Amino acid sequence: MVAIPHGDDHGAYGDDKPGFFARWFYSTNHKDIGTLYLIFGIISGLIGGYLSFMMRMELAAPGISVFNSEHDYLVFASMHGLIMIFFMVMPALIGGFGNWFVPIMIGAPDMAFPRMNNLSFWLLPTALICLLISFFVPGSASGNGFGGGWVMYPPLSTSGSPGPAFDFIIIGLLAAGFSSIFGAINFITTILNMRAPGMTMHKMPLFAWAVLVTAFLLLLALPVLAASLFMLFTDRIDGGTGFFDPAMGGDPEMFQHLFWFFGHPEVYIMILPAFGIVSHVVSTFSKKPVFGYLGMAYAMVAIGVVGFVVWAHHMYTVGMDVDLKAYFLAATLVIAVPTGVKIFSWLATMWGGSITYTIPMQWALAFIFLFVVGGVTGVMLANAGVDVALHDTYYVVAHFHYVLSMGAVFGIFCGFYYWFGKMSGYLYNKWLAAAHFWLFFIGVNVIFFPQHFLGLNSMPRRYIDYPAEFELWNQVSSAGALITLAGVAAFFVMLIEAFIRKRPASDSYWGEGATTLEWTLPSPPPYHQFNTLPRIEDTDEH
Amino acid sequence: MRLKRLILASSTAFLAMSSAAFAAKPTEGGYWLQEAATPVMEELIWLHNFVSWIILAITLFVMVLMGYIMFRFSAKRNPVPSKTTHHVGLEVAWTIIPVIILLVMVVPSMRLLYFQDKLPETEMTIKVVGNTWNWEYVYPDFENVESFISNPLEKEEAEAAGVPYLLATDAPLVVPVDTKVKVLVTSSNNLHSFAMPAFGVKMDAVPGRINETWFEVLPGKEGTYYGQCSEICGIKHYKMPIEIKVVSKDEFKQWVANDGAFTTTVASIGGGMTAAQE
């Protein structure tokens, strides 16, 4: 590339876009790849949302009325989890916003490995297609698709699902895993090597910090998932291995250890980027820099590190040694401390601020509060003794949906509304966006809050039918699904309206509170930004 | 065999209800833990409620603080933002105070964990085997009691017998009250989980491995208890309930002496039930 020395980097040169096919299919541009990830996340969200909506309709009343077979319900439940995690939350938060804004925020022209970035993205649709194929090929004697839960525990995922459906899931998840590993390598390299002059690690915006920590978690956790999936794969072959087969000297619990060694960091992989986004939004709309910046950054590092040594709190009832449970109990409680630091630092950022309640700020505030609700039930579940009553009940379902369906997803919408004008160049309609927020906020709370009651009353997870005693709160929960559906509709109306009306967004449409580098660029930014690297002045803002 | 058990179970369930014995199952529209039948569950409920108060207080504190901040520092009331971004005292406080709260919590939590997990000297042993999709109960201490399969009742059967569908079985596990019972749990194929909410018991059934847990039903808590399989095990996961009938020590002795069958009043109710079942 020939560097053209001019101060203004959004001239004709910077906006030289390739043709449609080359631009979107061979794309190496971090912003285009980010857009692809976001579109992909929305599509996966619709599929995953459809699966959960059907489950909620089934559970609205006792008896089996919506699904043709019990197997189909389990397939829906399993695929809802896998699709939402690997194909909605991760692509949207990490691939989408990470690709779009990490390079811009650190003052880099693009990602370190643009072609690998392209590979990262295109592995994902391939992976999703594998998962979708699995719906339609035999899983077990009971029907098509894999119905062993998103955790894929053997023997249900080995001898219990002999058909090709689960093989397609393994292949799909391996592809998605490699996509994430390549993405993680790309982010780590970009953040460590391509920061603009003067952008020291301790000046780096918190979203970049969040993605850096997330990338390390991905890099360390996903190979373990890949290995355990591959072990399942060879266990499934007739005359193959017996890693998890007791008849061959293997141990099914070993898979659970391997899975959760990946699975628990995965939880933080999904939530840390949302932490980063919320930090920027809270700071922007309080017109104050983030309170306790270093504490915020290192709290995320601490969460990432401790997140690797607490995995077996997902397995309190498998029959572990009591001392081991005691360790996992104590270690898990420790995570509450850095998480508390984050929550209180957000509140302190707002304290003394001059707060405007824009749409992204509403999502951020809702995020903080609902994350606290989901966090404290996590403290409850960490108590191994109490967990015996709550393990595998709807209390757990309520807990992790409060941190994911309201934590990660609210973080996604928070970022979406914060950066929508920056990414698209258009402003959204405030009223439609507000309708989306309120319908969604009320809807998900109505869905998931009563599930605490169901869990305390001991309703187990992954049940297509239940005793009549559980009817009331299931009914309420299903009503919430209808409200949420209306919220999702409002989101699409908002999107369509914004692209029809094309109200242009200014460079820094949130005003003086927005201080990171993306607000120094036009909306949308030029095809290539920072041909002349920005220089970060040596101020002591933090 | 199965039919015999079915008749026995249904009739004894009838008896249990008519004699107003204690019974625990999910409560209609319930929103809290089921009533405790064992010392472990009593402790568990205590800890759960204790932690609930703490987390409720934390949630309310954050809510009130957030509400105050949103009101007091809105752009309308506070047009000029402060520049404060550090306060060492505060930052130390919100690290230390949560640590103290957690320490307060961890002490009773560890106590419960060890109480629940460390088996005391037990007085009898039961072996539970998870199958797809029913439970097998074995009484290794009593050679004359044949091991038996506990199958779920179909909807019509349950309605006919007046017992809850998806909770009641054709042959409950029978145990004496006020006795420390060791439970060995394993599985013949998929994973399952043997759960009894009112006992504070949940133990995964894992093929190739025998897990152990225990319970001791408190005196005066004779009755029928219901639980459900709590680890995904395939299509009938929702339909492999656990029913435990807790009887007095005398009744249990009789039951054992009678090779694992109840003697009283079976004939009188049994006739009618047989017709209903068939």
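Note that the structure is a prediction, hence the values are computed from the model and not measured.

Reading the values: rules and limits
- Residues numbered from 1 in each chain as written.
- Chains lettered and ligands numbered in written order.
- Predicted model: local features only at pLDDT ≥ 70, side-chain atom pairs only at ≥ 80, totals over all residues.
- Heavy atoms only, no water.
- Helix = DSSP H or I, 4+ residues; strand = E, 2+ residues; numbered from the N terminus.
- Contact = heavy atoms within 4.5 Å.
- Pairing = 2+ DSSP bridges.
- Axes fitted to C-alpha atoms, helices over the stretch in contact; angles between N-to-C directions.
- Patch = residues over 30% accessible without salt bridge, like charges linked within 9 Å, V, L, I, M, F, W, Y side chains within 5 Å.
- Areas by Shrake-Rupley, 256 points an atom, 1.4 Å probe, with all protein chains shown as cover.
- Salt bridge = Lys/Arg side-chain N within 4 Å of Asp/Glu carboxyl O.
- pLDDT = per-residue confidence, 0-100.
- Parallel < 35°, antiparallel > 145°, perpendicular 65-115°, else oblique.
- Left-handed = near helix turned anticlockwise from the far one by under 90°.
- Buried < 20%, exposed > 50% of the residue type's maximum accessible area, 1.4 Å probe, protein only.

**Some details on the environment of Ser44(A)**
Residue and element names in this part refer to chain A.
Link 1 in the chain: With respect to the helices and strands, serine 44 occurs in helix H2 (residues 30-58).
Link 2 in the chain: Considered as a pair, serine 44 and methionine 88 are 44 residues apart in the sequence and their alpha carbons are 5.3 Å apart.
Link 3 in the chain: Apart from the residues within four sequence positions on either side, serine 44 is in contact with Ile83, Phe87, Met88 and Leu128.

**A short note on the sheet that holds strand S9 (residues 211-216) of chain B**
All names here are of chain B.
Link 1 in the chain: On the basis of which strands lie adjacent, the open sheet formed by five strands has the order S4-S3-S2-S6-S9 and mixed pairing. Both edges of this open sheet fall to strand S4 (148-150) and S9, since each of them pairs with a single strand only. Between one strand axis and the next, the sheet turns by 30 degrees as a mean value, whatever way the strands run.
Link 2 in the chain: The pairing of strand S6 (residues 180-187) with S9 spans six bridges and is classified as antiparallel. Within S9, the residue paired with lysine 182 across the bridge is tryptophan 214.

**Structural notes on a nonpolar patch on the surface**
Link 1 in the chain: A grouping of Val88(B), Val92(B), Ile96(B), Ile100(B) and Val104(B) is seen on the molecular surface, where their side chains present a nonpolar patch of about 450 Å² in accessible area.
Link 2 in the chain: Take Val104(B): it is sitting in helix H3 (residues 88-117).

**A short note on the confidence of the model for chain B**
All names here are of chain B.
Link 1 in the chain: Considering every residue of chain B, the mean pLDDT works out to 88; 86% of them sit at 70 or more.
Link 2 in the chain: The secondary structure element of chain B with the lowest average pLDDT is helix H6 (residues 266-277), at 37, and the one with the highest is S6, at 98.
Link 3 in the chain: Note that residues 1-20 has pLDDT below 50 and, in this model, 40 contacts with residues that lie over four places away or in other chains.
Link 4 in the chain: With pLDDT under 50 throughout, residues 265-278 is counted as low confidence; its partners more than four residues away or in other chains account for 16 contacts.

**A few points about the packing of helix H10 (residues 336-350) of chain A against helix H2 (residues 39-72) of chain B**
Each pair of packed helices can be summarised by the angle the axes make with each other and by the distance between the axes.
Link 1 in the chain: Direction vectors running N to C along H10(A) and H2(B) enclose 20 degrees, while the axes themselves pass 10 Å from each other. Judged by the angle between their axes, H10(A) and H2(B) are roughly parallel. The way H10(A) lies across H2(B) gives a crossing that is left-handed. Residues Phe344(A), Leu347(A) and Met350(A) of H10(A) touch H2(B), and the partners they reach there are Phe61(B), Val62(B), Leu65(B), Met66(B), Ile69(B) and Met70(B).

**Describing the pairing of strand S5 (residues 173-176) of chain B**
Residue and element names in this part refer to chain B.
Link 1 in the chain: Residues Leu173 and Val175 line one face of S5 and the alternating positions Val174 and Pro176 line the opposite face, and both faces are buried.
Link 2 in the chain: Both S5 and strand S11 (residues 241-247) contribute to a ladder of four bridges, which runs parallel. What sits directly across from valine 174, in S11, is lysine 245.

**Some remarks on the environment of Pro246(A)**
Link 1 in the chain: Here Pro246(A) is to be found in the loop between helix H6 (206-236) and helix H7 (252-286).
Link 2 in the chain: The exposure class of Pro246(A) is partly exposed, given its relative accessible area of 27%.
Link 3 in the chain: Distance in space between the C-alpha atoms of Pro246(A) and Pro155(A) is 9.6 Å, their sequence separation being 91 residues.
Link 4 in the chain: Leaving out residues up to four positions away in the same chain, Pro246(A) has contacts with Pro252(A), Pro207(B) and Gly208(B).

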